[in-house]
Amino acid sequence: MKYLLFVSVLILLTSCVLELPEKTLTTYIKDAPSAVQWRADFALKNNLPLEYKNESGMRFSLVPPGVYLVGSALSELNRQKKESSHLVTISKAYYIGVTEVTQSEWLQLLPENPSKFLGNDLPVDQVLYEDAIEFARELTANSNIKYRLPTEAEWEIACRAGTSTPIAGINEIKEMAWYSENSESKTHTVATKKPNHFGLYDMHGNVWEWTADFSNEYPTGNLTDPKSTTGGGGNHVKRGGSCVASSSVCRSAYRYLYSPMVYRHANTGFRLVFQADQLNSN
């Protein structure tokens with residue numbers, strides 16, 4: 001009798017799980033192969049392109065919703081305390097720039113090029129935080145899509161593309177990044193190194209990239225759709241390293257905290273994101 005009761009309860013619970021609305025089921029991204037497969041499946045199911053090109057010719061790559069690991073393992077070489085490992089749940093897909101914003105893209109919308117290293121296909125550099133916000137605002141005004149800077153979580157999830165290694169993609173920094181040992185202390189044409197598993201270039205090295213987050217330590221525990229943090233004394237977080245940064249600083253988990261918004265660095269640029277559901281609404 002007890003056995004029959006147990007089986008009945010188990011069947012009831014199983015049926016309840018199967019009847020849960022699909023939007024409550026979240027995929028855990030455990031590694032790069034599962035991230036790549038889930039991305040492809042999600043795009044197909046939701047009639048979304050894996051890569052989108054906007055009216056300005058800027059390319060954006062799809063990052064699907066899911067549960068992702070960010071931060072670094074305790075055993076990671078050169079790990080810092082501010083990189084505490086935790087899970088982040090992203091409930092809505094988004095697109096992120098395939099490369100940093102280039103100088104030619106910048107000059108389509110804004111009249112003055114702030115860059116130290118000049119070239120149409122080089123990333124725009126010496127960009128203030130407010131400069132990046134202004135570019136996003138201008139790009140939004142000229143389209144049906146609302147563009148913005150990524151949060152820290154969105155940036156790292158896109159950078160890792162399911163990996164847990166210090167460097168994403170093939171985990172070989174010389175193949176993935178322009179950094180202190182191979183850049184000759186200058187920026188280089190975007191997308192000339194290997195991409196990560198989401199087809200993103202230069203997530204490591206070339207230029208630091210602004211995020212929307214103010215400088216703060218990570219909150220305790222796992223997070224769901226973390227918003228950009230507040231505070232930080234007016235400083236924002238940059239990610240990814242640069243052409244003059246060491247390999248340890250170019251790691252996926254490294255956080256450049258306390259970067260002033262009002263000081264122009266010759267090795268600072270950005271890339272933009274937008275929510276994927278905007279494509280289906282246009």
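Check the entry above for the structure.
Turning our eyes to something else, we now look at the pattern of salt bridges. Applying the stated rule across the entire model yields eleven salt bridges. Across the salt bridge formed by Glu-154 and Arg-148, the nearest N and O atoms sit 2.8 Å from each other. Assessed through its relative accessible area of 26%, Arg-148 is described here as partly exposed. A salt bridge links Glu-156 to Arg-239; the nearest nitrogen and oxygen atoms lie 2.7 Å apart. With Glu-156 in helix H5 (residues 152-160) and Arg-239 in strand E8 (residues 235-239), this pair connects stretches of sequence that are 83 residues apart. You can call Arg-239 buried: its relative accessible area is 0%. Shared partners join several salt bridges into a network, and the residues in it are Glu-152, Glu-156, Arg-160, Arg-239 and Arg-255.

This part takes up the sheet that holds strand E5 (residues 94-97). Pairing within the open sheet is antiparallel, and its four strands lie in the order E1-E2-E5-E11. Only two strands of the sheet have a single neighbouring strand rather than two, namely strand E1 (51-53) and strand E11 (273-275). Strand-to-strand twist in this sheet, taken as the mean axis angle between neighbours without regard to direction, amounts to 30°. Alignment of E1 against strand E2 (residues 59-63), held across three bridges, turns out to be antiparallel.

The next point concerns the nonpolar core. By size, the foremost hydrophobic cluster in this structure holds 29 residues, and its most contacted members are Tyr-95, Phe-135, Phe-270 and Leu-272. Where this core is concerned, the elements lending two or more residues are helix H2 (32-45), E2, helix H4 (129-141) and strand E6 (208-214). It is H4 that provides the largest number of residues to this core, a total of five residues. Beyond its immediate chain neighbours, meaning those up to four positions away, Phe-270 contacts Glu-100, Val-101, Trp-106, Val-124, Val-127, Ala-132, Phe-135, Leu-149, Trp-208, Glu-209 and Trp-210. Of all hydrophobic cores here, the second largest spans 20 residues; its members include Ile-96, Ala-153, Leu-200 and Val-273.

With that out of the way, let us pick up the environment of Ala-266. Structurally, Ala-266 is set in the loop between strand E9 (255-260) and strand E10 (268-269). Exposure remark for Ala-266: the relative accessible area of 23% places this residue in the partly exposed category. Residues Ala-266 and Trp-208, spaced 58 residues apart in sequence, show a C-alpha to C-alpha distance of 9.5 Å. Residue contacts for Ala-266: discarding those within four places in its chain leaves Lys-116, Phe-117, Asp-125 and Gln-126.

Rules behind the numbers
Residues numbered from 1 in each chain as written. Predicted model: local features only at pLDDT ≥ 70, side-chain atom pairs only at ≥ 80, totals over all residues. Heavy atoms only, no water. Salt bridge = Lys/Arg side-chain N within 4 Å of Asp/Glu carboxyl O. Buried < 20%, exposed > 50% of the residue type's maximum accessible area, 1.4 Å probe, protein only. Helix = DSSP H or I, 4+ residues; strand = E, 2+ residues; numbered from the N terminus. Pairing = 2+ DSSP bridges. Axes fitted to C-alpha atoms, helices over the stretch in contact; angles between N-to-C directions. Core = buried A, V, L, I, M, F, W, Y, C linked by side-chain atoms within 4.5 Å. Contact = heavy atoms within 4.5 Å.

That is the geometry; function is a separate question.
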